[in-house]
Amino acid sequence: ETYLTRIRLTEPQLKSFLHLSDNVLRDAGEIDRKIERNEEVGPLAGVFVGVKDNICTADMPSTAGSRILEGYRPPFDATAVRKLRESGAIVVGKTNLDEFGMGSTTEGSAYQVTANPWDLSRVPGGSSGGSAAAVSARQCVVSLGSDTGGSVRQPASFCGVVGLKPTYGRVSRFGLVAYASSLDVIGCFGSSVADTGTLLYAISGHDKLDATSSKREVPNFASAFITQDFSESKPLKGLRVGVIRETIDSGVDPEVISSIHGAASHLEELGCIVTEVSLPSFSLGLPAYYILASSESSSNLSRYDGIRYGNQAVSDELASLYGDSRAQGFGSEVKMRILMGTYALSAGYYDAYYKRAQQVRTLVQKSFKAALDENDILISPAAPSVAYKIGEKKNDPLAMYAGDIMTVNVNLAGLPALVLPCGFVEGGSAGLPVGFQMIGAAFDEEKLLKVGHIFE
Ligand code: GLN
């Protein structure tokens, strides 16, 4: 009831949720009764979780922020949601996002604009802006987002919460509305590293319904927090940390850079050996990402034909039924991505764009591998700026895309990354949060969580 009151009081200004569950008190009551009867309840019993609206839930609509899926109610839960419910979590509602995850501000939702809880005139980041704002404003304890090119990490930074992008394949994508399948992962938000790691543990693991989900064993991430010994003065002694040189350079807000230097010094105090490391292919990641993500999305979005899902235009002729349903159902950013992707994949341009971008992807993977052979973790800002004003970049897609420079490379390489608050800059009425990103080797979320927990 406390959380429901909190939602009632904050939601008119924030607009984090697209749908709220009607069954929250019933579900909570069931858990109470189980506890009274001494029956087993899961590790997340009674924990309120927000779920991004591109993740399928059987008891609520799942629109992915798009008119084309307005009113669509999937007949199943995504695997991550099923696992959450099995752990006792209560899905409180579905959070707002840029349509199909395409955007960095949540202004691209077909339904509403979510505000940043630190300053209501600013964006919460995106595309998982609703999930980040909801945790930041304590409308729920933790939330799920998705991260194709930074959509968990950048809003975590803008809203001053913890955001985790798992290794590609760590969490099943079954029931996640596909944007760019080789990059998409479901990720976690929390207000502490311990909450975020506990959530990750609940949703991770192999799933036969997602052929790309990994069979690797899932360590109990939560145990890292219980066994931590805080009496030691240098708990991270000898840990090699590489600050990615290209990310603390021109084009990045000086205040953001100084917060990252601050985070690096804090890591040094904790015993880390901090050096600078270069990722020569870093700046190539952004154009390669936008080519690949648009190409994959143009193919993935062909399923919205007005027949199988969602809204259908009125027409007696099949081709115009497809065309009109898509014309009415997709927003302008989505249409632009489909056009870019179709162009990049077309016969005459494939070698110049798609193939080239795949080659860059290999370079990015190799340069991360080299840097992670020399270092345990790499650090960078999570975004080149703090949260900016609603409307500021809405009509300037290239400026918005440029804001993804810190995050997209990690998706191209499939690596895990954790974003943590590391400072504040002037702005709003109480300052605006800055986040920093720690990148680890594939499937080594545990190290990131341990370091993050000690850092915070
Ligand atoms: N802003 C990026 C894009 O628009 C990343 C989005 C995401 O991670 N879903 O593609």
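In this text the structure is predicted, and so the values were computed from the model without any measurement.

Analysis parameters
- Residues numbered from 1 in each chain as written.
- Predicted model: local features only at pLDDT ≥ 70, side-chain atom pairs only at ≥ 80, totals over all residues.
- Pairing = 2+ DSSP bridges.
- Helix = DSSP H or I, 4+ residues; strand = E, 2+ residues; numbered from the N terminus.
- Axes fitted to C-alpha atoms, helices over the stretch in contact; angles between N-to-C directions.
- Contact = placed C-beta atoms within 7 Å.
- Expected span 1.5 Å × (residues − 1).
- Buried ≥ 20, exposed ≤ 12 C-beta atoms within 10 Å, placed from the backbone.
- Arc of directions from axis to C-beta.
- UniProt positions renumbered as here; feature names shortened; annotations may be inferred.

1. A few points about the sheet that holds strand 7 (residues 240-244)
1) Next: Strand order in this open sheet of 11 strands is 1-3-2-4-6-5-10-11-9-7-8, and the pairing throughout is mixed. With one partner strand each, in any of the chains shown, strand 1 (17-20) and strand 8 (273-277) form the two edges of the open sheet. With strand direction ignored, the average angle separating the axes of adjacent strands in the sheet is 30°.
2) Next: Both strand 5 (residues 162-165) and strand 10 (residues 417-425) contribute to a ladder of 3 bridges, which runs antiparallel. Following the sheet pairing, L164 is matched in strand 10 by L418.
3) Next: Contacts between helix 8 (residues 254-269) and the sheet are confined to strand 7, strand 8, strand 9 (377-381), strand 10 and strand 11 (432-439), with strand 10 contributing the most and set at about 115° to the helix.

2. Quick notes on helix 10 (residues 318-329)
One turn of the α-helix equals 3.6 residues, which is why residues spaced by three or four share an orientation.
1) Next: Across its 12 residues, helix 10 extends 16 Å between first and last C-alpha, which sits within 8% of the 16 Å expected from 1.5 Å per residue.
2) Next: Those residues of helix 10 that sit buried are S325, R326 and G329. The buried side chains of helix 10 occupy one side of the element, clustering within an arc of 95° when seen end-on. Along helix 10, the residues that are exposed and aim more than 90 degrees away from the buried face are A319 and A327.

3. Points about unusual backbone geometry
1) Next: Here the residue pair G126 and S127 is connected by a cis peptide bond, since its omega of 10° sits within 30 degrees of zero.
2) Next: As for its placement among the helices and strands, S127 is situated in the loop between strand 3 (90-95) and helix 4 (129-136).
3) Next: Not every positive phi belongs to a glycine, and K15 is a case in point at roughly 55°.
4) Next: You can see K15 is positioned in the loop between helix 1 (2-14) and strand 1.
5) Next: By the C-beta count within 10 Å, which is 20 here, K15 ends up buried.
6) Next: Positive phi is not limited to glycine here, since N38 has a value of about 60°.
7) Next: In this structure, N38 sits in the loop between helix 2 (24-36) and strand 2 (48-52).

4. What about the UniProt feature "active site" (unreviewed entry) in the protein chain?
1) Next: On the UniProt side, "active site" (unreviewed entry) is annotated at positions that read K52, S127 and S151 here. These annotated residues cover 100 residues of sequence, but their C-alpha atoms sit close together, with the largest distance between any two at 10.9 Å.
2) Next: Within the element layout of this structure, K52 appears in strand 2.
3) Next: The exposure class of K52 is buried, given the 32 C-beta atoms found within 10 Å.
4) Next: Following the sequence through the fold, S151 ends up in the loop between strand 4 (142-147) and helix 5 (153-159).
5) Next: You can call S151 buried: it has 36 C-beta atoms within 10 Å.
6) Next: For S151, the contacting residues outside a window of four places in its chain are G101, G126, S127, S128, G145 and S146.

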